[in-house]
Amino acid sequence: MSDPFGSYVGTCPPPLVGYRVTGRYCRTSLSGVDPGVGYEYAMSDRVPIKSVRTTFELLEALVTSGGMSLPELSEELAMPRSTVHDYLLSLRNLGYVVKDGMEYRISTRFLAMGQSARGKIGIFGPAKNTVDDLAEKTGEHASLMIEENGLGVLLYIAKGENALDLGVSEGFRMELPTNAPGKAILAHLSTARVEAILDRHGLPKVTEKTVTSREVLYEQLEAIREQGYAIDEGERVEGVRAVAAPIVTGDTVHGALAVSGPAHRLEGTRFETELPDRVLRAANVTQVQYTLGE
């Protein structure tokens, strides 16, 4: 059977470290990576049960395409139609896939699963109202990021009245060194943990300003620990700046709060003083609420 990941196709951008452009579609992972980005987080080759990997490749194809027919899925996965049909039939019977005309799509069972998973993460409850308040008070894009499997995951997003559409959604995953909340988290992990994350996910270049040197990254992490917050000046998205503060209790970093917006609004005193102070206060409130709730 040919490589199920296919090759670079059409106008999709070239893949970042840890990502692949696959098949006829620029697919992304079930975790919520925006389909418009054109990447799929590369599954580990160490998957003992091949059918499990195939099942999730099929589901990811349905997620990022919005829906596909049996012939399209067969071509996308480089698998016989009869085999793909068997997978689809099993998933339909289990309630994870629905058929709409000639197309198949995932069911809303995944919505309940995602909400359940998020609700089990301790920092979500204490941080949610704080993120909402940040968005309302700043008018910008506010978010809560956590670290999971070495990647940054946007666990919750709130948008103020002037918020820029950053093309991300809750569940969006990205490499930690490429953004302010990710660096705020890295700054409070052990050196061994940071090294393990960098070994696994690398330092991908997303924009011209992205940090791609470990030496420079470590210098930034030291500065973050000293000043208490992190900044992003177009390292993830050109023309976008962000300020983030970690949520830390004891020796544990639970995540980071961030405010992001266009560089022309996040400049001068607002970017250098006002937003850092506001985000730091928000992180402190969240830390207290989390501690009291334990």
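Residues numbered from 1 in each chain as written. Predicted model: local features only at pLDDT ≥ 70, side-chain atom pairs only at ≥ 80, totals over all residues. Heavy atoms only, no water.

Focus on the confidence of the model for the chain
Argument step 1. With 84% of its residues at a pLDDT of at least 70, the chain reaches an overall mean of 86.
Argument step 2. In this model residues 1-43 is a low-confidence stretch, pLDDT under 50, and it forms 121 contacts with partners more than four residues away in sequence or in other chains. (pLDDT = per-residue confidence, 0-100. Contact = heavy atoms within 4.5 Å.)

Details of the sheet that holds strand E7 (residues 151-159)
Argument step 1. As summarised here, the arrangement of the six strands in space is E8-E7-E6-E11-E10-E9, forming an open sheet in which the pairing is antiparallel. Strands with a single pairing partner mark the edges of an open sheet, and in this sheet they are strand E8 (173-175) and strand E9 (230-233). Along the sheet, successive strands turn relative to each other by an average axial angle of 30°, direction set aside.
Argument step 2. Relative to strand E11 (residues 252-262), strand E10 (residues 240-249) is paired through ten bridges, and the arrangement is antiparallel. (Pairing = 2+ DSSP bridges. Helix = DSSP H or I, 4+ residues; strand = E, 2+ residues; numbered from the N terminus. Axes fitted to C-alpha atoms, helices over the stretch in contact; angles between N-to-C directions.)

Observations concerning the nonpolar core
Argument step 1. Ranked by internal contacts, the top residues of the largest apolar core, which has 27 residues, are Leu154, Ile185, Leu186, Leu189 and Leu221.
Argument step 2. Filtering out sequence-adjacent residues up to four positions away, isoleucine 185 remains in contact with Met145, Ile146, Glu147, Leu176, Val253, Gly255 and Ala256.
Argument step 3. Judged by nonpolar contacts, the second largest core, of 26 residues, contains Val131, Leu155, Tyr229 and Ala245. (Core = buried A, V, L, I, M, F, W, Y, C linked by side-chain atoms within 4.5 Å. Buried < 20%, exposed > 50% of the residue type's maximum accessible area, 1.4 Å probe, protein only.)

Remarks on the pairing of E10
Argument step 1. Of all the ten residues making up E10, eight are buried; the element is thus mostly covered by neighbouring parts of the structure.
Argument step 2. Alignment of E9 against E10, held across four bridges, turns out to be antiparallel. Bridging from a neighbouring strand, alanine 230 pairs with alanine 244 of E10.
Argument step 3. With antiparallel pairing between neighbouring strands as the criterion, E9 and E10 make up a hairpin whose turn holds six residues, including glycine 234 at a positive phi of roughly 80°.
Argument step 4. Counted between consecutive antiparallel strands, the loop separating E10 from E11 contains two residues, among which glycine 250 sits at a positive phi close to 65°.

A short note on the pairing of strand E5 (residues 103-106)
Argument step 1. Pairing analysis gives two bridges linking strand E3 (residues 68-69) to E5, with the strands arranged antiparallel. In the strand pairing of E5, methionine 68 is matched with tyrosine 104.
Argument step 2. Pairing of strand E4 (residues 97-100) with E5 involves four bridges; the strand directions are antiparallel. Of the residues in E5, the one forming a bridge with valine 97 is isoleucine 106.
Argument step 3. Once E4 ends, the chain turns through two residues before running back antiparallel as E5, passing glycine 101 with a positive phi of about 70°.

Some remarks on the packing of helix H5 (residues 124-138) against helix H9 (residues 268-293)
Argument step 1. Axis separation between H5 and H9 bottoms out at 9 Å; the angle between their running directions is 155°. Taken together, the axes of H5 and H9 are roughly antiparallel relative to one another. Two packed elements cross with a definite hand, and for H5 against H9 that hand is right-handed. Across the interface between the two elements, Pro126, Ala127, Thr130, Leu134, Lys137 and Thr138 from H5 touch Arg270, Leu275, Arg278, Val279, Ala282, Val285, Thr286, Gln289 and Tyr290 from H9.
Argument step 2. Its residues assigned to classes, the contact of H5 with H9 comprises eight nonpolar, four polar and three charged. (Parallel < 35°, antiparallel > 145°, perpendicular 65-115°, else oblique. Left-handed = near helix turned anticlockwise from the far one by under 90°. Nonpolar A, V, L, I, M, F, W, Y, C, P; charged D, E, K, R; others polar.)

Re the sheet that holds E3
Strand-to-strand pairing in sheets goes through backbone hydrogen bonds, with the strands running parallel or antiparallel.
Argument step 1. Overall, antiparallel pairing links the three strands, which are arranged E3-E5-E4 in an open sheet. Every interior strand has two partners, whereas the edge strands, E3 and E4, have only one.
Argument step 2. On the sheet, helix H1 (residues 50-65) packs against E3, E4 and E5 and is oriented at approximately 100° with respect to E5.

Comments concerning the packing of aromatic side chains
Argument step 1. Under the counting rule described, the total for this entry stands at two aromatic pairs.
Argument step 2. Each ring, one from tyrosine 96 and one from phenylalanine 110, has its centre 5.5 Å from the other, and the planes form 55°; the classification is tilted. Linking tyrosine 96 in the loop between helix H3 (81-94) and E4 with phenylalanine 110 in helix H4 (residues 109-119), this pair joins segments that are 14 residues apart in sequence.
Argument step 3. Measuring from ring centre to ring centre gives 5.9 Å for phenylalanine 124 and tyrosine 156, while their planes differ by 70°; the resulting arrangement is edge-to-face. (Phe/Tyr/Trp six-rings, centres within 6.5 Å; stacked < 30°, edge-to-face > 60°.)

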